[in-house]
Amino acid sequence: MREELREGNIRIPSGCAVSGIFNRKGTRFGGEAIIRSIAVLHERSNGLGGGFAAYGIYPEYKEYYALHIFYERDAAKTETERFLNRHFDIINLSKIPTRQMPEIKDEPLIWRYFVQPLPTKLAGAQLDEREYTARCVFRINAGIEGAYVFSSGKDMGVFKAVGYPEDVGRFYRLEEYRGYCFTAHGRYPTNTPGWWGGAHPFALLDYSVVHNGEISSYDTNRQAMEMFGYHCSLQTDTEVIAYMIDYLNRKVGLTFEEVAEVIAAPFWQTIEQKPEPERQRLTYLRQNFAAELITGPFSLIVGFKGGMMAINDRLKLRSMVTAEKGDFFYAASEECAIRAVEPALDGVYAPKGGEPVIMTLENGE
Amino acid sequence: MAIEYQYPEYEVVRDHDRCIGCRVCERQCANCVHAFIEEKERMTADESKCVNCHRCVALCPTHALKIVKNAHTFRENANWSGQLIREVYRQADTGGVLLSSMGNPQNHPVYFDKILINASQVTNPSNDPLREPVETRVFLGKKSHRIERDGRGAILPKIMPSLQLKVPVLFSAMSYGSISYNAHEALARAAEALGICYNTGEGGLHEDLKKYGKNTIVQVASGRFGVHVDYLLSGAAIEIKMGQGAKPGIGGHLPGSKIFGDVAKTRMIPAGADAISPAPHHDIYSIEDLRQLIYVLKEATAYQKPVIVKIAAVHNIAAIASGIARSGADIIAIDGFRGGTGAAPTRIRDNVGIPIELAVASVDRRLREEGIRNEVSLLAGGSIRSSADIVKAVALGADAVYIATAALLSLGCHLCRSCHAGRCNWGIATQVPELTKRLNPELGHARLINLVNAWEHEIKEMMGGMGINSIEALRGNRLMLRGVGLTQKELDILGIRHAGE
């Protein structure tokens, strides 16, 4: 692919499919379910990107950051590993197991590292562990040509590629992973063959985002995030949304309910109908987090440690339904993607515009 | 000497078949252009006095009058325009500084006209403002991302001094004295009805207009006219005027002939005394002094009012604005070099300062680069002429815009650029009672409301077209803009791409 046509050099809007499955009890289940679900939404993607985020998949390494890295060439790997060795203890490293298949081509080198920040470096940086790790991820992605960290959380991982999502799932042997939460994405970019790094989910630390939509507030949001030190290297909506969620939740300390009230803020006419002190609180959030409002159509599934949030733009310009069955919670672009996994649902719900549906583990883990 | 004679710039063309000799034109013209010749029983005109304000044209009951540009000309010269030649003659006559009014009319590039706006097609839907909410409300002031919670984890909403506007438009500073009481009343009442603000300028606040305080920005300028603690407390915000786009580096001078009665009282100076605002504030010779004045004003008003610092757009604007943002100001108002004035030296007005489009884009960028964009809101003024200019200014990084010339146009101003003469036939830039009474504040305020409402509709249509249903998501959203016919350097400063890219 021509270098200048890939994400990061141009901005590529895309339509998409999303799906997510979450077990409230934290019971781990296999990755085949999410593949079955997203496969039903085949028509909503065009084969130019698919991917998954999975939580609870690395219990034996759950104390360590799991870095998933694409390398376009060996030199990038050498350089990145030198960087990692300077900043982290590498507890384990391996190629991520994949399955050769004709549907998935042009794969980069795909490696996984379980790491822990070097205590001396961490102390010297005067940062908390997560901020330190996030900054190292930015340094690799911005500074090392041909290396791209696409997953950096603990006990979670992102798996993504250019292709239809169901093929991407089989390529990564997702059925061999067991987790309590999976999200999936099928991509329909309007422009050029996607790049592996440009596929969804987009993740930073434990936060992962799958997103369907094209946000009209992109540049406003991007500039706000860049001011706070995030480097939007991909120029995609999902990237900036992931950074906003990381910023608002991790750095500012807003709850996910409050994050939803910022990114999909209620309209003023709604706020004015609220009683005090609710009105004052919502006004306060809108007034102070004006540049973090997202406009334009989106349906998002956000994965985070111990939880999942599904949310639409405030006008609900993209489809999204949620459903429950026993301990399972589902969210997807279309109901059929949920029925494909669980035909007999306890209840199906279409969240209103801007209404977040947030599920967290019952044991508070 | 014969070279003193200058052929009039305009020709008053009267259709004598239509003229009924009612002499309205004669009564309406404060410049005494029209006269009735008794013996011939017909009207005549002394065009040398005409400023082309259209008062006579608009009021002629038979539409017998029009004003045309005089075809009389100097020998063509691409270097020495007729205007320059005439100005040399005038200065050779008088030895004086040339004076002008309203904004820079020179043929400098208007960047707004070289910027085009985006719209949604296919991949995302546009919003219809008639059917869905498209929000234009803005808050001006500092934004804080430091969350405080009570014992149960609920957010404690901190009340920060701020201005809330229903539409991102404010009427910018025009003092009582430079414009009439009726003009001020129309602006104040319109601001209240529109949920926006007007600005007193530095002439103080007339007692009768105090009731519009929630919609009033009170200005503190270098002359400190009319400034006292009640004045500061009666407004919704306080503006320190450091500069004005039409005359950066220059103070102001309201002649004593305009200062009598309520104007003198409101300014707290003796009737007949010239009101001279020094070029600098004599207690502000540097940025640290500005900080002191900001905090003096905040102390005086118990930290309840946002403080605006208004500066003219000059070459080093980004660094200056950055300094102001670090000095405690809540809002920075930037006035571009096309901004209007009631009087300025012509050479200053036409040659000093830079365009607001470039200034606001570079200030917004600098403040973001330094991580202090949330410390201040940005107001852009200095020739915002339409709703499209507002959309572009906001997308270039402004939180809201100041308008004044457009507001005066809706009150009847015809941009004859003769405010400094004090004989405004439309009752705006004058204190002559027979003239000021021509401006009916009731009708004037209704026309201002119409203008801003119309612009609001247009802003919503343009935002809806882009799929943006809140003005916050338009602010700084440069991807929604493209340049046409601009150099790469200009595009870089504006932070936008060329059309087709």
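The rules behind the values
Residues numbered from 1 in each chain as written. Chains lettered and ligands numbered in written order. Predicted model: local features only at pLDDT ≥ 70, side-chain atom pairs only at ≥ 80, totals over all residues. Pairing = 2+ DSSP bridges. Helix = DSSP H or I, 4+ residues; strand = E, 2+ residues; numbered from the N terminus. Axes fitted to C-alpha atoms, helices over the stretch in contact; angles between N-to-C directions. pLDDT = per-residue confidence, 0-100. Buried ≥ 20, exposed ≤ 12 C-beta atoms within 10 Å, placed from the backbone. Domains from an automatic or database assignment. Contact = placed C-beta atoms within 7 Å. Nonpolar A, V, L, I, M, F, W, Y, C, P; charged D, E, K, R; others polar. Parallel < 35°, antiparallel > 145°, perpendicular 65-115°, else oblique. Left-handed = near helix turned anticlockwise from the far one by under 90°.

Hey, could you go over the sheet that holds strand β7 (residues 147-151) of chain A for me, with residue numbers and the actual values?
Residue and element names in this part refer to chain A. One open sheet accounts for 4 strands, arranged β5-β6-β4-β7; its pairing is antiparallel. Edge positions in the sheet fall to β5 (88-95) and β7, since each has one partner strand and no second. Neighbour to neighbour, the strand axes of the sheet diverge by 30 degrees on average, direction disregarded. Strand direction decides the pairing type here: strand β4 (residues 65-71) and β7, joined by 4 bridges, are antiparallel. The residue bridging H68 from the neighbouring strand is S151, located in β7.

Can you explain the confidence of the model for chain B? Please cite residues and give values.
Averaged over all residues, the pLDDT of chain B is 96; the fraction at 70 or higher stands at 100%. The complex prediction reports pTM at 0.94, with the ipTM value standing at 0.91.

Explain the environment of E81 of chain A to me, and be specific about the residues and the numbers.
Residue and element names in this part refer to chain A. Inspection of the secondary structure assignment puts E81 in helix α2 (residues 74-87). Residue class for E81 comes out partly exposed when judged on the 17 C-beta atoms lying within 10 Å of it. Sequence separation between E81 and L122 is 41 residues, and the spatial gap between their C-alpha atoms is 18 Å.

Can you break down the domain arrangement of chain B residue by residue, with the values?
Often the size quoted for an interface is simply the accessible area lost on bringing the parts together. Residue and element names in this part refer to chain B. Under the domain assignment, chain B is made up of domain 1 (2-96) and domain 2 (138-472). Between domain 1 and domain 2, the C-alpha centre-to-centre distance is 35 Å. If you look at the interface, domain 1 gives 9 residues, while domain 2 gives 8 residues. Tallied by class, the residues present in the side of domain 1 that touches domain 2 amount to 4 nonpolar, 4 polar and 1 charged.

Before we move on, can you summarise helix α11 (residues 387-395) of chain B with the specific residues and values?
Residues and elements named next belong to chain B. Among the 9 residues that make up α11, 8 are buried, leaving the element largely enclosed by the rest of the structure. Listed as buried for α11 are S387, D389, I390, V391, K392, A393, V394 and A395. Just downstream of α11, G397 is the residue with a positive phi angle, here 125 degrees.

Explain the packing of helix α4 (residues 181-194) of chain B against helix α14 (residues 441-466) of chain B to me, using residue names and the numbers behind them.
Residues and elements named next belong to chain B. Orientation of α4 relative to α14, taken along the N-to-C sense of each, is 45 degrees, at an axis distance of 8 Å. Put simply, α4 runs oblique to α14. Crossing of α4 against α14: the hand is right-handed. Of the residues in α14, those touching α4 at N182, E185, A186, L187, R189, A190, A193 and L194 are P441, G444, H445, L448, I449 and V452. Broken down by class, the residue content of the contact of α4 with α14 amounts to 9 nonpolar, 3 polar and 2 charged.

Quick rundown of the sheet that holds strand β6 (residues 115-117) of chain B? Include the residues and the values.
Residues and elements named next belong to chain B. Strands sit in the order β6-β20-β21 across an open sheet of 3 strands; the sheet is mixed. Sheet topology places β6 and β21 (497-498) at the edges, where each strand pairs with a single neighbour. Looking at chain direction, strand β20 (residues 481-483) and β21 are connected through 2 bridges and run parallel. In the strand pairing of β21, R482 is matched with R497. In the packing of α11 onto the sheet, the strands contacted are β6 and β20, and the crossing angle to β6 comes to about 95 degrees.

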